[in-house]
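What follows is each chain in one-letter form.
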Amino acid sequence: VSNLAWSEILQRLSLVRIEWLLAAIAANFVVLPLWTAEWRLLVAVAFRVTFRRMFETVAITASVLNAVPFFAGEASAIGLLIVRGGLTRSAAASVLALDQLLVAFAKLVTLAAGAAFVALPGWLRAGVVSLIVGFVLLLVTLVVLAHSWERLREWVTSKSGRLRSVVALIITWGRHLDAMRETRRALPALLLALLKKAAEVAAILATQLAFGLEPSVAAAVLIVAALAVTTLLPVSPANLGVYEATVFAAYRYLGVPADAAVGLALVQHACFLLPSIVTGYGVATLSQLR
């Protein structure tokens, strides 16, 4: 990093076109209503959550996810679904589990698309296996719970042991996995998960245009695919450092000059964070004022 020409980087940043930056921010904002619609499909039919309530939940969850590391966002999501959405603990946990399954599915589709455009770098291929294994294990677990939770609960409750009640509680989550049993819910949810990734790709294309580059769908998809792997574990607030390093490495792999790659990484992350953090804190503030 010390060897980079920071004067050239600053010069590139000064020439960035604001209208395309606003387009990138808008594209990243679109993720929030798509996410809201997706979670409303994942909620069990026994519960009714308005779009406004769910949007508030999603916006605040997104802001926490991008501000606090180590799964604080996931814990906040469950609490918000209970308090704002009126869900039970098991119903809220079911929504989060289904959401993680859809996230993994969308990431795998993005990785496949990235591989179709350009050969994936070795450091990226190494993380794909872990993502595939995690997706398959979660998919099998949720399918079994969705279709066999009653039989499994009866079997567990007939046993003895300290963990019996905990295991029985987890199995009961299957009652709320309606999206795993109904095609009319599952297919739209899958589509929304993919549209969220498409919005991220659109935001990256707008960032490229802001820097005066020829927009490259291959580069945008590769970057989203790379971020899908490197940001699996939230080890720093907003993935600071990890995000920028990933985008920088992807652009350098594609032959983009180092100064442009640094500028793109910094600006792209800012455009990604602004909609979720500003909207989340705005929603939280307005709800308290109300």
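As a starting point, this report considers the structure included with it. (Residues numbered from 1 in each chain as written. Predicted model: local features only at pLDDT ≥ 70, side-chain atom pairs only at ≥ 80, totals over all residues. Heavy atoms only, no water.)

Side chains that differ in charge, positive against negative, can pair when their charged atoms come close. Scanning all chains against the criterion turns up eight salt bridges. Ionic pairing is found between Glu 19 and Arg 17, a salt bridge with its closest N-O pair at 2.9 Å. Under the relative-accessibility criterion, Glu 19 is labelled partly exposed at 44%. Between Glu 200 and Lys 197 there is a salt bridge, with its nearest N and O atoms 3.6 Å apart. Note that Glu 200 and Lys 197 are positioned in helix α9 (residues 183-210) at a spacing of three residues, about one turn of the helix. Judged on exposure class, the residue Glu 200 and its partner Lys 197 are both buried. One salt-bridge network, in which partners are shared between bridges, spans Arg 52, Glu 56 and Arg 84. (Salt bridge = Lys/Arg side-chain N within 4 Å of Asp/Glu carboxyl O. Buried < 20%, exposed > 50% of the residue type's maximum accessible area, 1.4 Å probe, protein only. Helix = DSSP H or I, 4+ residues; strand = E, 2+ residues; numbered from the N terminus.)

Turning to the packing of helix α5 (residues 89-117) against helix α10 (residues 217-230), a few remarks are in order. Where α5 meets α10, the closest approach of the two axes is 8 Å, and the angle between their N-to-C directions is 140 degrees. By the criterion of interaxial angle, the relationship of α5 to α10 is oblique. As α5 runs across α10, the sense of the crossing is left-handed. Listed contacts from α10 to Lys 107, Thr 110, Leu 111, Ala 113, Gly 114 and Phe 117 of α5 are Val 217, Ala 218, Val 221, Val 224, Ala 225, Ala 228 and Val 229. Each residue belonging to the contact of α5 with α10 can be placed in one class, and the counts come to 10 nonpolar, two polar and one charged. (Axes fitted to C-alpha atoms, helices over the stretch in contact; angles between N-to-C directions. Parallel < 35°, antiparallel > 145°, perpendicular 65-115°, else oblique. Left-handed = near helix turned anticlockwise from the far one by under 90°. Contact = heavy atoms within 4.5 Å. Nonpolar A, V, L, I, M, F, W, Y, C, P; charged D, E, K, R; others polar.)

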